[in-house]
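# Report on the structure
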Amino acid sequence: MENDGEKTKMRKAVFLDRDGTINVDRGYLYRIEDFTYIDGAAEALRMLAGLGYLLVVVTNQSGIARGYYTEEDFHRLNRWMLRDLADKGIPVAKTYFCPHHPMGKVEGYRMECGCRKPGTGMFWQAQREWGIDMERSFAVGDRLRDLSVCRECGVQGILLGGEGLSRREEKLRTEKAFQEEWMSPERKVFQEEGMSLEEEKLQEGERNREREMFREAEGFVRPLWTAGNLLGAAWKIRDSVRVSHPVQG
Ligand SMILES: [Mg+2]
Ligand SMILES: [Zn+2]
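Residues numbered from 1 in each chain as written. Chains lettered and ligands numbered in written order. Predicted model: local features only at pLDDT ≥ 70, side-chain atom pairs only at ≥ 80, totals over all residues.

## Side note on the sheet that holds strand β6 (residues 225–227)
- With parallel pairing, the 6 strands of this open sheet are ordered in space as β3-β2-β1-β4-β5-β6. Edge positions in the sheet fall to β3 (94–98) and β6, since each of these pairs with one other strand and no more. Here the average twist between neighbouring strands, direction ignored, is 20 degrees.
- Inspection of the sheet shows strand β4 (residues 138–141) paired to strand β5 (residues 156–160) by 4 bridges, in the parallel sense. Following the sheet pairing, valine 140 is matched in β5 by isoleucine 158.
- Against the sheet, helix α5 (residues 121–130) makes contact with β1 (13–16), β2 (54–60) and β3, and its axis sits at roughly 150 degrees relative to β3, the strand it touches most. (Pairing = 2+ DSSP bridges. Helix = DSSP H or I, 4+ residues; strand = E, 2+ residues; numbered from the N terminus. Axes fitted to C-alpha atoms, helices over the stretch in contact; angles between N-to-C directions. Contact = placed C-beta atoms within 7 Å.)

As structure tokens, this is what we get:
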């Protein structure tokens, strides 16, 4: 029999996107020397750990399926990041990653899966492995798909914007900017890199789904919050805890 005492001791967690949330999103990042923390990220993580939150990283890594880097490359960077955070006094419980993509070039990784965000497979796997109380937990990311789990349960979502985001990500934030982005020289670079028409369509489809999700954010079990960056999100989380559990005076 399992220990009943342990079972009832559910933990609260913060589900963290990696690229564009913890570190600057350089697009298909896998080299340690290209990894830069977003300002305040380490301070935010330390604050959240201090508030008793389990820190769980949940990251899409389609670069593996696309053949831009290998799973071992991912693990090397991830090991380095976890060790570096540990050196800073910040414990991360685990990094969950999805190496798949339906249009991937690498055999074995090319698939529709339930873990690639906005799929919620990784969140629920973490929930099971760590006994996470979703009602007291938060998801933080720079894309709405990082918050997809908030449609299924009481996890509260905080969408990051503004500081710390790459220009390209910022431009994707409005309808008008979306159109401009689609016509930009950056897109030509993608074409020159050999992105097939099918793959472009798929990416466009993904973005359309994401825009749809913005419209549907009221479908979240609880209201969506926004913050400038991870530090802003950490303050929000700290203050929300204070509001729901006021100090008795
Ligand atoms: Mg991101
Ligand atoms: Zn996957």
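Now, onward.
## Considerations on the pairing of β4
- Here β4 shows no split at all, with Phe138 and Val140 on one side and Ala139 and Gly141 on the other all buried.
- Relative to β4, β1 is paired through 3 bridges, and the arrangement is parallel. Among the inter-strand pairings, leucine 16 is bridged to a residue of β4, identified as valine 140. (Buried ≥ 20, exposed ≤ 12 C-beta atoms within 10 Å, placed from the backbone.)

## Concerning the environment of threonine 36
- Within the fold, threonine 36 resides in the loop between β1 and α2 (41–50).
- Residue threonine 36 is classed as exposed on the basis of its C-beta count, with 11 C-beta atoms lying within 10 Å.
- With residues up to four places along the chain from it excluded, the contact list for threonine 36 reads Asn23 and Val24.

## Regarding the pairing of β5
- For β5, the tally of buried residues reaches 5 of 5 residues, placing the bulk of the element in the interior.
- Sheet topology note: the β5/β6 ladder contains 3 bridges and is parallel. Residue isoleucine 158 lies in a different strand from β6, and its bridge partner there is tryptophan 225.

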